[in-house]
Amino acid sequence: MDDKALIELAKQARAHAYAPYSGFAVGAAALSADGRVFLGCNIENASYGLTNCAERTAIFSAIAAGAKELVALAVVADGEQPCSPCGACRQVVAEFAVKRIILANLAGKSRVVTAEELLPYAFSLDNNKT
């Protein structure tokens, strides 16, 4: 699947966002190595700490469905520039070693980054043993 198709699926997922507090709808599409796509949107909650981002929703759905390797993640929001994941999402992207992250906006701007670019020196059990 090419980046454009994955971005389009993330846009479709964005339409399901529940964002009554921020008004900032985000969609994500995670592509597994076996070709399956898992969608996610942000889901807010009045207790803000219970909010879940689109990126984590898509990744957690993939893992729950048995996807072992994620090769790409597209994230789409409405802004002047492509939306970059929050810190929690960056850590989850690093944890599951997502190979390519495609950041896009509704106007058609996009850029591709790696997990290492998003979160250099990410926390992991392997690199934090004493």
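Residues numbered from 1 in each chain as written. Predicted model: local features only at pLDDT ≥ 70, side-chain atom pairs only at ≥ 80, totals over all residues. Heavy atoms only, no water.

*Asks:* Would you take a moment to explain the sheet that holds strand β3 (residues 70-77) for this structure?
*Replies:* Pairing between the strands of a sheet is mediated by backbone hydrogen bonds and can be parallel or antiparallel. Pairing is mixed in the open sheet, where 5 strands are placed in the order β2-β1-β3-β4-β5. In this open sheet, the two strands that pair with only one neighbour each are β2 (37-41) and β5 (110-113). Ignoring which end each strand starts from, the neighbouring axes of this sheet average 15° apart. Sitting on the sheet, helix α2 (residues 54-64) touches β1 (26-32), β2 and β3, and the angle it makes with β2 is about 145°. (Pairing = 2+ DSSP bridges. Helix = DSSP H or I, 4+ residues; strand = E, 2+ residues; numbered from the N terminus. Axes fitted to C-alpha atoms, helices over the stretch in contact; angles between N-to-C directions. Contact = heavy atoms within 4.5 Å.)

*Asks:* How do you make sense of the pattern of salt bridges when you look at a structure like this?
*Replies:* When the charged atoms of two side chains lie near each other, side chains of opposite charge can form a pair. Under the counting rule described, the total for this entry stands at 3 salt bridges. In this structure, the salt-bridge partner of R100 is D3, at a minimum N-O distance of 2.7 Å. One end of the pair, R100, is in strand β4 (residues 100-105); the other, D3, is in helix α1 (residues 3-14), and 97 residues separate them in sequence. Look at R100 and you get partly exposed, because its relative accessible area is 33%. Of the charged contacts, one joins D34 and R36 as a salt bridge, the two residues approaching to 3.1 Å between their closest N and O atoms. For R36, a relative accessible area of 32% corresponds to the partly exposed category. (Salt bridge = Lys/Arg side-chain N within 4 Å of Asp/Glu carboxyl O. Buried < 20%, exposed > 50% of the residue type's maximum accessible area, 1.4 Å probe, protein only.)

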